[in-house]
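# Fold and geometry: a report
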Amino acid sequence: MAQLEVDGVGVHFGGVVALDGLSFTIDKGQICALIGPNGAGKTTLFNVISRIYDATTGSVTFEGHDLLAMAPHRIVELGVGRTFQNLALVPGLSVLDNVKIGAHAKSKGGFIASTLRLPWVISEEKRLTELAMDILDRMSLAAVANHPCAGLPFGTLKRIEFARALAAAPKLLMLDEPASGLTHSEVDELGSIIQAIRDEFDLTVLLVEHHMAMVMSISEKVVVMDLGRKIAEGVPEDVRNDPLVIAAYLGASK
Amino acid sequence: MKDFLQILIVGIGDGSVYAMLGLGLVVIFRSTGVLNFAQGEIAMFSTFVVWTIHDLGVPMWLAVIGGMAGGFIIGAIIHEVAVRPVGDPHQKPLAVVIVTIGLFLGVNGAAQLIWGTVDRRFDPLFGSGSVNVAGVPIAWQKIGAMVVLGAIAFLFFVVFQKTKLGLAMRAVASNSESAGLVGIPVPRLLMLGWGFAAAVGTVAGVFTTSVLGGLGPNLMQLTLIFGFAAITLGGFDSLVGAIVGGLIVGVLTSTLPRYVEQFEKMPLAPAFILILLVLLIRPQGLFGKKDVTRV
Amino acid sequence: MTESTDSVSSSDRSPAGPSQSPADGSTARTVTRARRVHPATIVAWIVVAVVVIALPFQLQAFRVNQMSAWMTIAIAALGLNLLTGFNGQISVGHGALFGVGAYTAGLMIIKVHSPLLVAVLAAGVVCFIVGVLVGLPALRIRGLYLALVTLAVATLFPLAVEQFNSLTGGNRGLEIRTEQMSSRGFMKMLPVRLASPFEGLADDQWQYFLFLAATVICLLLTRNLIKSRVGRSLVAVRDNETAAAVSGVPVAQTKIITFGIGSALAGIGGALFAIDLGQIYPSSFTIVISIYFLVAVVVGGAASTVGPVIGAVLYGVFSDVVIPELPDRLQPARAVILGVLLIFLMLAAPGGLVGVFKSTKAKMTIRKAAKAASANAAA
């Protein structure tokens, strides 16, 4: 059974159709890329899965759970994590705290227990610190752990965003344009990082990306969207040569 | 019925004053994005300036003009010195709120230092007489408030719609960055906006003085709430809304306590409930634009 | 307020530098848990403690009572700091909740003859509930608009108290009296007093220490909250709600509970205030006191742990010690100075005193490091 099933998802904002009957599946452990020209609806789909938007029609199922019936803060508990193009970081917290916040759903300690600083809260905090530092180490960010997030270079912030998403020990990691704003060599590095992380953390990856070279080199499956619809689905080779895809990007030849 | 008509007219008259304050609030909000909690205090201060000029022997009308000019300068300076350097209200809402509150305190305190706490008086602009309309006595002062509001509204219309200056100010309110890029002196126009608002506020202060029977440092504290209720109802960025909202608030505040028992004891409740309900149900008010956020 | 001047992750749990990768491939890392507390800090705290404890014995009773009042402001300011500083919900109406706490405690003592501690705790609970109720519509009203609504609440609160004068005593005030042993030896209704059980300790001094204990407890509890997982979630909600939600923070719940807690602290402060004064009037709870809470938070340093207490004490000193020295005519100078101070702070030092302290410390650390680096380079 597929791990993620998107089935007939439609999103209508008033008269605008952002998504129209979108369906595809992802198997566990795959790296799947979602590509398409600007305005195709890729980020809209991400926002539907993260429950920032409501879908007008259709369903999204993750490991059998109906995502569309859940509140936004519950999604990460199921194991669906995501990064944002504009970075979902908290400028008022340090890098380390940002990663710890990423693990919020997988940690315990409510208002009362925290106020009273109960022993188990203290040890839970230690565990979180270890976990967060481990991930920061992995992303070569240990040096800036206590630095406030504000003021760091963009490439560093992107890695912190990654770390934040990984802190929740997701099963499915959705990456929203991870390569945007990166230099050429950083993009190459990114491709290897994504693959390594997929292997090491036992993840499934769904990424939206414009950087074709990277997409084609690391993806096992590619879904192409245009104007809210799926126009192709398959292995990179097939999709690359699909006339519909080429027409969508370059315009149809008359 | 006669009673009701009279109360209605009083409400419209009072509402005209709220609308005046509201117009100033809208100009400030549209141009700088700030909800100016000190607007009432600035208006009060300028009203004291009016009194001071009048006390020197100048006729009331001239004194009002003088006070408006004084208020204009004060408003402009305040923007330049205290508001502009703080930054964008969207980025730093708390800082902006603190600054307007600081102004609230500071201007109020300054007025008390200069003029003390004893109420001052001056004669109502339109006299204390009243006219009989269909058997209902209506104070000239109330009619005057409506007329003056009409004049101010007309002036705003002419300036904003028919002059280059008004066009430039609308451009700044719509998109200050682009306006700056085409050569409009944005900071100067923002200053003008605050100046205009203060000038109009002065008139509101003068009218409020006759309503309350005296001029003291706490003159505008309640009128401010009514002014905010007016623009909340009308839409924070709508000049038309300020006028309509002000009139409605005025009518509600004068009629509800008379005819609805629950409000008899709490004449100010309608304003507060109005603010709360509008913000919860239809935050853009009657004429405002809806706020859209991009994820 | 997007600047947090306090790194919420406790800097005492700073992990040591680079990770060591042992040759066998296992990822072991030493995380130093050592609290690197500067000896100067310890000395400073000791000095403060000594001064705070010695003061009531050096000053007259009315001064000691004033300082007790400052502490009630400090407790309320701690609550406002949680709500506005750390959680970003701007409240200009904290004074109304302070007032609710004061009147709740007062009425409980008068009508139900409740013990003082119970009255204080009850005030906290009542204000928590009221805070939660206020927090519900606050979910949909943000930033400047929330400031507007809370401003309206604060302006209307004293008027509401006047209106319900059968309950609250209206403008005549509410006299909080309990049955006490009079000096002549029989039971009489006297203004509420915390009677000292110790021989050498006067009533005002006893009250001072009780209030001090309450303040310290509230300070410690808020500090625990701030430095915890929940504290992080408050800041996350303030700075980036989407990020918070995506990480699993239940945003709405967090905001509402924070409103409740902030209000509860205001209520406790208000209850203690009522007990200190013995008689409360609506005029004590106008918009002005709401503004003064904001002053305390901002001057001390919003989103810092101890800032609100510092701010409250400074405001108290300014208001009760400095200003009364001025002639009557110049009393309004208080408002002018505070107003100018607020504006100046937002322009020059938005992080308040704590912020200034931290950035000076940081600059000195950088300067030291630079000196060390250049010394090394020269060597």
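Residues numbered from 1 in each chain as written. Chains lettered and ligands numbered in written order. Predicted model: local features only at pLDDT ≥ 70, side-chain atom pairs only at ≥ 80, totals over all residues. Heavy atoms only, no water.

### Some details on the pairing of strand 1 (residues 4-13) of chain A
Residues and elements named next belong to chain A. Sheet topology places strand 1 next to strand 4 (residues 57-62); five bridges connect them, and they run antiparallel. Looking across to strand 4, one finds that E5 is bridged to T61. Direction of pairing for strand 1 relative to strand 2 (residues 16-26): antiparallel, over a ladder of seven bridges. Counterpart to F13 in the pairing with strand 2 is V16. (Pairing = 2+ DSSP bridges. Helix = DSSP H or I, 4+ residues; strand = E, 2+ residues; numbered from the N terminus.)

### Let's talk about the interface of chain B and chain C
With 45 residues of chain B at the interface, the matching set in chain C holds 39 residues. A combined buried area of about 3,800 Å² lies between chain B and chain C, and 84% of that area is made up of carbon and sulfur atoms. Summed over the three residues of chain B that lose the most area to chain C, namely L94, L105 and L113 of chain B, the buried surface amounts to 18% of that side. At the boundary of chain B with chain C, the tally comes to zero salt bridges. Our count for the chain B to chain C interface comes out at two residue pairs in polar contact (both at pLDDT 80 or more). If you list the elements that add at least two residues to the side of chain B that touches chain C, you get helix 3 (60-83), helix 4 (93-115), helix 9 (221-234) and helix 12 (269-281) of chain B. Residues that form the side of chain B that touches chain C fall into these classes: 36 nonpolar, eight polar and one charged. (Contact = heavy atoms within 4.5 Å. Buried area = accessible area lost by both parts, 1.4 Å probe. Salt bridge = Lys/Arg side-chain N within 4 Å of Asp/Glu carboxyl O. Polar contact = N/O pair within 3.5 Å; in protein donor to acceptor, adjacent residues only side chain to side chain. Nonpolar A, V, L, I, M, F, W, Y, C, P; charged D, E, K, R; others polar.)

### A short note on the domain arrangement of chain A
Residues and elements named next belong to chain A. Along its sequence, chain A is carved into domain 1 (4-79 + 170-250) and domain 2 (90-153). On a C-alpha basis, the centres of domain 1 and domain 2 stand 28 Å from each other. Carbon and sulfur atoms make up 65% of the area that domain 1 and domain 2 hide from each other, which totals about 480 Å². When the area that domain 1 buries against domain 2 is broken down by residue, the three leading residues are V76, E77 and E200, summing to 51%. Two residues, E200 and R138, come together in a salt bridge whose shortest N-O distance is 2.6 Å. The tally of links from domain 1 across to domain 2 stands at one residue pair in polar contact (both at pLDDT 80 or more). Among the elements that take part in the side of domain 1 that touches domain 2, helix 7 (residues 184-201) stands out by supplying four residues, more than any other. Its residues assigned to classes, the side of domain 1 that touches domain 2 shows four nonpolar, no polar and two charged. (Domains from an automatic or database assignment.)

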